[in-house]
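Summary of structural features
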Amino acid sequence: MKLIVLGSGTSVPHSQRASAAFWLETETGSILLDCSADAAHRMAQENLDWPNLDAIWISHLHLDHCGGLASLLFGVKWAPQTRTRRNPLKIFGCAGIENLLRAIDESNDYELLDQPFPIELHEIPAGDSRPGAEFEMFPGLRARTFSTPHTMESLAVRLTDERAVSLVYSSDTGFSEKLADFARGADLLILECSFWRDKPTDKHLELADAMRIARLAEPSKLILTHLYPEWDGLDLESKAKELWPGTMIAAHDGLRLEIEQQ
Ligand SMILES: [Zn+2]
Ligand SMILES: [Zn+2]
């Protein structure tokens, strides 16, 4: 698997950090993990093969995670690069994503789901916080989800490719030991770390929470992301190292990482 960080930031406008979006490539396809308003142009800036994107994952309805979905569909509908495309684009998202997309669609007759190629939209309901059933994002990429303590619909996702390489993306979450269980032993854990300390809400993590999850989950590699501007000028990696000795990387836009089985 290959990961490219498109957006390591939050909803707050920032000169260096776009809102949440990650590009993941496996041997059999590509998937966008969250689709902020910045995602479409960030894919192009990174020279990624966006016209052939196979799947999109939407973790929850906060707009720094899904606000670019309608405009991406508007973009690919009219882009010359997708005119000959026939492969479906699969969208897997939290409860309510279809409602949101249809509300935008019908507000101006955009016909966002009427593309040169099929759009397959699947909602994954939030249940209790036990992991949901396994499903396939595209052939060769299996997924399971976990209800996170952030919003009613918010989900973390665990992806496993054909070579058994695994990635967990928490998206936004409060602290949960069950989330650490869900992430246990992943080859890469992409974990939010919104705040350094004295977090203003239980619905996000601060550094001590994130590193407690890392200690419990013991991923081979950890990326900390969803960094509010209060992180500007602070050395996240050395602060994290004091709390967990494993391999930790502070996300930045444009970060590229090969993920291998350990
Ligand atoms: Zn967010
Ligand atoms: Zn959120």
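Residues numbered from 1 in each chain as written. Chains lettered and ligands numbered in written order. Predicted model: local features only at pLDDT ≥ 70, side-chain atom pairs only at ≥ 80, totals over all residues. Heavy atoms only, no water.

A closer look at the nonpolar core
Leu3, Leu32, Ile56, Trp57, Met137 and Leu167 are the most contacted members of the largest nonpolar core, which has 59 residues in total. By size, the runner-up hydrophobic cluster in this structure holds 27 residues, among which are Phe146, Leu191, Ala217 and Leu236. (Core = buried A, V, L, I, M, F, W, Y, C linked by side-chain atoms within 4.5 Å. Buried < 20%, exposed > 50% of the residue type's maximum accessible area, 1.4 Å probe, protein only.)

Describing the environment of aspartate 181
Note on placement: aspartate 181 falls in helix α5 (residues 177-183). The spatial distance from the C-alpha of aspartate 181 to the C-alpha of proline 131 is 9.8 Å, given a sequence separation of 50 residues. (Helix = DSSP H or I, 4+ residues; strand = E, 2+ residues; numbered from the N terminus.)

With respect to the packing of aromatic side chains
With the rule as written, the count across this model stands at five aromatic pairs. Taking 4.8 Å as the distance between ring centres and 5 degrees as the angle between the ring planes, the aromatic pair formed by phenylalanine 195 and tyrosine 228 counts as stacked. Within this pair, whereas phenylalanine 195 is found in the loop between β11 (188-192) and α6 (207-217), its partner tyrosine 228 is found in the loop between β12 (221-225) and α7 (236-241), the two being separated by 33 residues in sequence. For the pair formed by phenylalanine 195 and tyrosine 228, the shared burial category is buried. (Phe/Tyr/Trp six-rings, centres within 6.5 Å; stacked < 30°, edge-to-face > 60°.)

Remarks on the coordination of the zinc ion (ligand 1)
Around the zinc ion (ligand 1), the protein contributes the donor atoms Asp64 (OD), His65 (NE2), Asp172 (OD) and His226 (NE2), which lie 2.1 to 2.2 Å from the metal centre. Note that the zinc ion (ligand 1) binds four donor atoms; their angles at the metal cover 85 to 163 degrees, and the shape is irregular. The motif formed by the donor residues of the zinc ion (ligand 1), counted along the single chain, is D-H-x106-D-x53-H. In this model, the zinc ion (ligand 1) sits 3.6 Å from the zinc ion (ligand 2), the two metals being bridged by aspartate 172. Taken together, the positions of aspartate 172 in the loop between β10 (166-169) and α5 and histidine 226 in the loop between β12 and α7 put the pair 54 residues apart, joining distant regions of the chain. (Donors = N, O, S within 2.8 Å, 3.2 Å for Na, K, Ca; no water. Tetrahedral: all angles 85-135°; square planar, octahedral: opposite > 155°, others 65-115°.)

As for the pattern of salt bridges
Applying the stated rule across the entire model yields ten salt bridges. Here glutamate 134 and arginine 142 are joined by a salt bridge, their closest N and O atoms 3.2 Å apart. Here arginine 142 falls in the partly exposed class, since its relative accessible area comes to 37%. The salt bridge involving arginine 212 is made with glutamate 177; its shortest N-O contact spans 3.3 Å. Residue arginine 212 is found in helix α6, and its partner glutamate 177 is found in helix α5; the two are separated by 35 residues along the sequence. Take arginine 212: its relative accessible area is 35%, and that puts it in the partly exposed class. (Salt bridge = Lys/Arg side-chain N within 4 Å of Asp/Glu carboxyl O.)

Remarks on the pairing of strand β6 (residues 119-124)
Bridge count for strand β5 (residues 89-94) against β6 is six bridges, and the pairing is parallel. Of the residues in β6, the one forming a bridge with cysteine 94 is isoleucine 124. For the crossover from β5 across helix α4 (residues 97-107) to β6, the handedness is right-handed. (Pairing = 2+ DSSP bridges. Right-handed = clockwise from strand over helix to strand, strands pointing away.)

Here's the deal with the pairing of strand β8 (residues 141-147)
With five of seven residues buried, β8 is to be regarded as a mostly interior element. As paired elements, strand β7 (residues 135-138) and β8 share three bridges and run antiparallel to each other. Within the sheet, the bridge partner assigned to phenylalanine 135 lies in β8 and is alanine 143. The turn linking β7 back onto β8 is made up of two residues, and glycine 140 within it adopts a positive phi angle of 95 degrees.

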